[in-house]
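Chain residues, written in single-letter form:
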Amino acid sequence: MPANLPPDARKKWAEVEATKHPRERLQRMEEFLSLVPKHKGTLKLRGQVKKQMSALRKEIEEKKRKKAGRSGPKFFLEKEGAAQIALIGMTKVGKSSLLSAVTNAKVEVSVAPYATREPTPGILDYQDIQFQIVEAPALMEGSAEGRAWGLQTLALARNADGLILMVDLSQNPVEQLTLVLNELEKARVLVSKPKGRVEIERKFMGAGLRIILIGNLVNSTVKDVEALLRSYRVADATVKISGEATLDDVEDAIFESTIYKPAVIVANKIDLEGAESNLRLLKSHVDGKLPIIAISCETGYGLEKLGDTLFKTLDVIRVYTKEPNEREFSQKPFILKKNATIYDLARNIHSDFSKKFGFAKVWSKRLAFSPQKVGSTFTLKDGDVVEIHVK
Ligand SMILES: Nc1nc2c(ncn2[C@@H]2O[C@H](COP(=O)(O)OP(=O)(O)OP(=O)(O)O)[C@@H](O)[C@H]2O)c(=O)[nH]1
Ligand SMILES: [Mg+2]
């Protein structure tokens, strides 16, 4: 059931949304919480907001520390390359070993547990793009409740574009995976697309509310959704609802609490005894729901599959651009979501490029002839070369 908040609390949440400054936002969130009645129906919501507040507090602290020139545990790492992938797992599964085997990072591989204590990045080259892989400090039972650096690791996962879930095949991999997925889920990070999905894309003031219903609303109507959104002062947004979604899911989306991250399971130490049978166990448990690659950081077995599997799992495409008067196209592609259009590309190149857009030419092997003159709604595919002409 939706939390049924009183109007003043809903209004306060709109103020939270409108405040970007961390300290003020925290203040508004506190005010919001004081307006939320404490009963069972609001329990989940209060928990979510408190989590956001604790993340904000850490962010503020980190900024303070940065200003003072002191270093402390990093909460966020600036993204580099085509995507940021958080490398997550229990201690000693071989995260640092993987980082040093496939990226340029110099890291300490250790026999002692909990050796890596802050997010450590490295760059993995895959064809003509790069992935930034960030080793997160190990997860353990209780991470989502803030044990050790748990909240940092989970915030990193939430902020990344994708996840590597790493397990050690010389131990029970199903138990490890279950623990990791549990902690992620408690932090409301999911690795499989939920049945119902609600995406809210905020628009400029005056754009109005557009609700796109692809699936089904369970026990509610579009009118109910509209009313709920308006009660939170969400007046300008495109809301996409797919699958089987409830009003609760819509409320969740307003608080941006549950998010989905594409994930790959990396099963390490295939060189050790018993690993093959543990791998079979893992495969039958996962049942094709997530890709699994078996590797050994020790022997190098399977490492070459990582880049390709990440690329496929992230559901992205590479699009190359060309200047109208030049023969060669750019070496560095734009990374766009699968099914992106020329319009998305134009917006990626320049924020107001899309307004000046005239037409585009596309070169691609999949087309009957190249170049083909196309409009802004043309759907792009991996490897396309595009030349944009402005008005
Ligand atoms: N046999 C074998 N041992 C491995 C493999 N990969 C890593 N190890 C060993 O596993 C131990 C832990 O490796 P790390 O890479 O430090 O593990 P981690 O996940 O980074 O651990 P923390 O950062 O401490 O949480 C080390 O002793 C490694 O040598 C592998 O493929 N096979
Ligand atoms: Mg490590």
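Residues numbered from 1 in each chain as written. Chains lettered and ligands numbered in written order. Predicted model: local features only at pLDDT ≥ 70, side-chain atom pairs only at ≥ 80, totals over all residues. Heavy atoms only, no water.

**Focus on the sheet that holds strand β15 (residues 357-363)**
Spatially, 5 strands are ordered β14-β13-β17-β15-β16 in an open sheet, and the strand pairing comes out mixed. Taken across any chain shown, the strands that pair with only one partner, and hence form the sheet edges, are β14 (334-337) and β16 (372-374). Direction aside, the axes of adjacent strands within the sheet are offset by 40° on average. Pairing of β15 with strand β17 (residues 385-390) involves 6 bridges; the strand directions are antiparallel. Each residue of the ladder has a partner; that of Phe359, found in β17, is His389. (Pairing = 2+ DSSP bridges. Helix = DSSP H or I, 4+ residues; strand = E, 2+ residues; numbered from the N terminus. Axes fitted to C-alpha atoms, helices over the stretch in contact; angles between N-to-C directions.)

**Comments concerning the coordination of the magnesium ion (ligand 2)**
Every protein donor of the magnesium ion (ligand 2) is listed here as Ser96 (OG), Thr116 (OG1) and Glu135 (OE), and their distances to the metal cover 2.1 Å. Mapped onto the sequence, the donors of the magnesium ion (ligand 2) take the spacing S-x19-T-x18-E. Linking Thr116 in the loop between α4 (95-102) and β2 (120-126) with Glu135 in strand β3 (residues 129-135), this pair joins segments that are 19 residues apart in sequence. Across the pair, exposure class does not vary: Thr116 and Glu135 are buried alike. (Donors = N, O, S within 2.8 Å, 3.2 Å for Na, K, Ca; no water. Buried < 20%, exposed > 50% of the residue type's maximum accessible area, 1.4 Å probe, protein only.)

**Observations concerning the site of ligand 1**
The environment of ligand 1 is made up of 24 residues, and the closest members are Lys95, Ser96, Ser97, Ala115 and Asp271. Within the side chain of Thr91, a nitrogen or oxygen atom sits 2.9 Å from an oxygen atom of ligand 1. Here an oxygen atom of ligand 1 and a backbone polar atom of Gly94 are 3.0 Å apart. Burial of ligand 1 by the surrounding chains reaches 89%, relative to a free accessible area of 660 Å². It is α4 that contributes the most residues to the shell around ligand 1, 3 residues altogether. In the shell around ligand 1, the residues fall into 10 nonpolar, 8 polar and 6 charged. (Near = heavy atom within 4 Å. Polar contact = N/O pair within 3.5 Å; in protein donor to acceptor, adjacent residues only side chain to side chain. Areas by Shrake-Rupley, 256 points an atom, 1.4 Å probe, with all protein chains shown as cover. Nonpolar A, V, L, I, M, F, W, Y, C, P; charged D, E, K, R; others polar.)

**Looking at the pattern of salt bridges**
Within the structure shown, the criterion is met by 23 salt bridges. Between Asp344 and Arg347 there is a salt bridge, and its shortest N-O distance comes to 3.7 Å. Pair noted here: Asp344 and Arg347 are both in helix α11 (residues 342-349), with a separation of 3 residues, about one helical turn. For Arg347, a relative accessible area of 40% gives the class partly exposed. What emerges from the salt-bridge pattern is a single network uniting Lys12, Glu15, Arg28 and Glu31. (Salt bridge = Lys/Arg side-chain N within 4 Å of Asp/Glu carboxyl O.)

**Some details on the sheet that holds strand β1 (residues 83-89)**
With mixed pairing, 6 strands are arranged side by side in an open sheet as β2-β3-β1-β4-β11-β12. The sheet is open, and its two edges are formed by β2 and β12 (292-294), each paired on a single side. Each strand axis lies, on average, 25° off the axis of its neighbour in the sheet, ignoring direction. For strand β4 (residues 162-168) and strand β11 (residues 263-268), the ladder comprises 6 bridges, and the chain directions are parallel. From the neighbouring strand, Val167 faces β11, where its bridge partner is Ala267. Contacting β4, β11 and β12, helix α9 (residues 275-286) runs over the sheet at an angle of about 175° to β12. (Contact = heavy atoms within 4.5 Å.)

**Some thoughts on the pairing of strand β9 (residues 237-245)**
Bridge count for strand β6 (residues 196-202) against β9 is 7 bridges, and the pairing is antiparallel. Counted as the bridge partner of Arg197 is Ser242 from β9. Relative to β9, strand β7 (residues 209-213) runs parallel, the two being bridged by 5 bridges. Following the sheet pairing, Ile212 is matched in β9 by Lys240. As paired elements, strand β8 (residues 216-217) and β9 share 2 bridges and run parallel to each other. Opposite Leu217, over in β9, you have Ala245 as the bridge partner. Assessed by its sense of winding, the connection that carries the chain from β8 through helix α7 (residues 222-231) to β9 is left-handed. (Right-handed = clockwise from strand over helix to strand, strands pointing away.)

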